[in-house]
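What the coordinates show
Listed below are the residues making up each chain.
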Amino acid sequence: GESVGLHLPTLSVQEGDNSIINCAYSNSASDYFIWYKQESGKGPQFIIDIRSNMDKRQGQRVTVLLNKTVKHLSLQIAATQPGDSAVYFCAENGNNNAGNMLTFGGGTRLMVKP
Amino acid sequence: ETGVTQTPRHLVMGMTNKKSLKCEQHLGHNAMYWYKQSAKKPLELMFVYNFKEQTENNSVPSRFSPECPNSSHLFLHLHTLQPEDSALYLCASSQAHGGRGETQYFGPGTRLLVL
């Protein structure tokens, strides 16, 4: 069936390094994607989104890349900090014809080593 | 803070209890959502309300009963739950539920333990 999935359940990086979190999606009808960050004991926090008419979108220290050819989404975090430690989820909207329902991936845990 | 608040933050209840979860959004949004987040599972959509009308019920058991008195408030009434219903219950809101690709903003969640 259609699904949103993550390649790596846990990613460990050194403080100051760049992090790349990946997400594969299989629903070709998806045209809106979101990355969320969830810290322990908190709800998911919106980080950045991208629509399918774009390949790249940048925020503050974060960049989302969309490769529609291979149905791949990635989140890049520059100069990773201890405060970036969290679980990161991708979500897509292609699960229904209206495109107004989000389907979430399982999440990747990012651990930042000091 | 995301502008979405949830109370209580933690709840322990027995299987015969009745309790309610409350969500309030201060973003001027018109759509509100309930999600269930269990350990090692992706977020599961439970209910959607758009302009106070329920538009989605994702095959949720009747022991979960939502209520949306206005666009800013959403409740989840709980009755005769099972231990497997223990999870983090998240509320979210978005501008509306009709557009293609609406950003949803989440509250902090209620951590529920059913004994």
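Residues numbered from 1 in each chain as written. Chains lettered and ligands numbered in written order. Predicted model: local features only at pLDDT ≥ 70, side-chain atom pairs only at ≥ 80, totals over all residues. Heavy atoms only, no water.

**Examining the nonpolar core**
All names here are of chain B. Let me state the cut-off plainly: Take the buried residues of types Ala, Val, Leu, Ile, Met, Phe, Trp, Tyr and Cys, join any two whose side-chain atoms come within 4.5 Å, and each joined set is a nonpolar core. Whether a residue is buried, partly exposed or exposed follows from its accessible area with a 1.4 Å probe, protein chains only, as a fraction of its type maximum: under 20%, in between, or over 50%, in that order. Each helix is a run of DSSP H or I of at least 4 residues and each strand a run of E of at least 2, with the numbering of both proceeding from the N terminus. Any two residues having at least one pair of non-hydrogen atoms within 4.5 Å are treated as being in contact.
Counting residues in hydrophobic clusters, the biggest one holds 22 residues, and the most contacted among them are W34, F64, L76 and L78. Those elements giving two or more residues to this core turn out to be β2 (10-13), β3 (18-25), β4 (31-37), β5 (44-50), β7 (64-70), β8 (73-79), β9 (87-94) and β11 (110-114). Setting aside residues no more than four positions away along its own chain, L78 makes contact with L11, M13, N17, K18, K19, L21, R63, F64 and L112.

**Some remarks on the pairing of β11(B)**
Residue and element names in this part refer to chain B. Our working definition: By definition, two strands form a pair when at least two bridges between them are found by DSSP.
Burial of the side chains of β11 is restricted to one face: T110, L112 and V114 are buried, whereas none of R111 and L113 on the reverse face is. In this sheet, β11 lies alongside β2 in parallel orientation, the contact comprising four bridges. Paired with H10 across the bridge in β11 is R111.

**Overview of the pattern of salt bridges**
Residues and elements named next belong to chain A. So the rule is basically this: By definition here, a salt bridge exists when the distance from a side-chain nitrogen of Lys or Arg to a carboxyl oxygen of Asp or Glu is within 4 Å.
Scanning all chains against the criterion turns up five salt bridges over all chains. In this structure, K42 and E39 form a salt bridge, with 3.8 Å as the shortest nitrogen-oxygen distance. Looking at K42, the relative accessible area reads 44%, which means it is partly exposed. Note that D55 and K68 form a salt bridge whose closest N and O atoms lie 3.1 Å from each other. Of this pair, D55 sits in the loop between β5 (45-51) and β6 (56-58) while K68 sits in the loop between β7 (62-67) and β8 (72-77), and the two are 13 residues apart along the sequence. Its relative accessible area of 51% is what places D55 among the exposed residues. With a relative accessible area of 37%, K68 lands in the partly exposed category.

**Re the sheet that holds β7(B)**
Residue and element names in this part refer to chain B. Note the threshold: Helix axes are fitted only over the stretch in contact, all axes being lines through C-alpha atoms; the angle between N-to-C directions runs from 0 to 180 degrees.
Reading across from one edge, β1-β3-β8-β7 is the order of the four strands in this open sheet, with antiparallel pairing throughout. Looking at the sheet topology across the chains shown, the edges are occupied by β1 (4-7) and β7. Strand-to-strand, the axes of this sheet are offset by a mean angle of 20°, without reference to chain direction. As defined by bridge partners, β3 adjoins β8 across seven bridges and the pair is classed as antiparallel. Within the sheet, the bridge partner assigned to E24 lies in β8 and is H73.

**Re the state of the cysteines**
Using the following cut-off: Note on terminology: disulfide denotes any pair of cysteine sulfur atoms within 2.5 Å.
This structure, assessed with the given rule, holds two disulfides over all chains. Between the sulfur of A:C23 and that of A:C90 lies a disulfide, 1.9 Å long from S to S. Handedness here is read from the sign of the S-S torsion; for A:C23 and A:C90, about 50°, the answer is right-handed. Pair noted here: A:C23 is in strand β3 (residues 19-25) and A:C90 is in strand β9 (residues 86-92), with a separation of 67 residues, a long-range link. Neither A:C23 nor A:C90 differs from the other in exposure class; each is buried. Looking at the unpaired B:C68, the closest cysteine sulfur is the one in B:C91, lying at 9.0 Å.

**Concerning the layout of surface pockets**
To keep things clear, this is the line we draw: In this analysis the probe radius is 1.4 Å and the grid spacing 1 Å, with only protein atoms considered; a cavity is a set of points the probe fits into but cannot get out of, a pocket is an open set with protein on both sides within 12 Å along at least five of seven lines, and lining residues have an atom within 4 Å of a point. Grid points are joined across faces, edges and corners, and a volume is the space filled by probe spheres set on the points. Each residue is assigned to one class: nonpolar for Ala, Val, Leu, Ile, Met, Phe, Trp, Tyr, Cys and Pro, charged for Asp, Glu, Lys and Arg, and polar for all the others, Gly among them.
For the largest pocket, the calculated volume is near 550 Å³. Around the largest pocket sit 23 residues that line it, and A:Q38, A:V87, A:F89, A:R109 and B:Q37 are the ones nearest its centre. Looking at the lining of the largest pocket, the element that brings in the most residues is β9(A), giving three residues. Split by residue class, the lining of the largest pocket holds seven nonpolar, 10 polar and six charged.

**Topic: the interface of chain A and chain B**
Which entries qualify depends on this criterion: The buried area of a pairing is the accessible area, by a 1.4 Å probe, that goes missing from both parts when the two are put together, added over both.
Taken residue by residue, the interface counts 24 residues in chain A and 21 residues in chain B. Across the chain A/chain B interface, buried area totals approximately 1,700 Å², and carbon plus sulfur atoms make up 51% of it. Counting the surface chain A buries against chain B, the share from its top three residues, A:N100, A:M101 and A:F104, is 29%. Viewed at the interface, chain B and chain A are joined by zero salt bridges.

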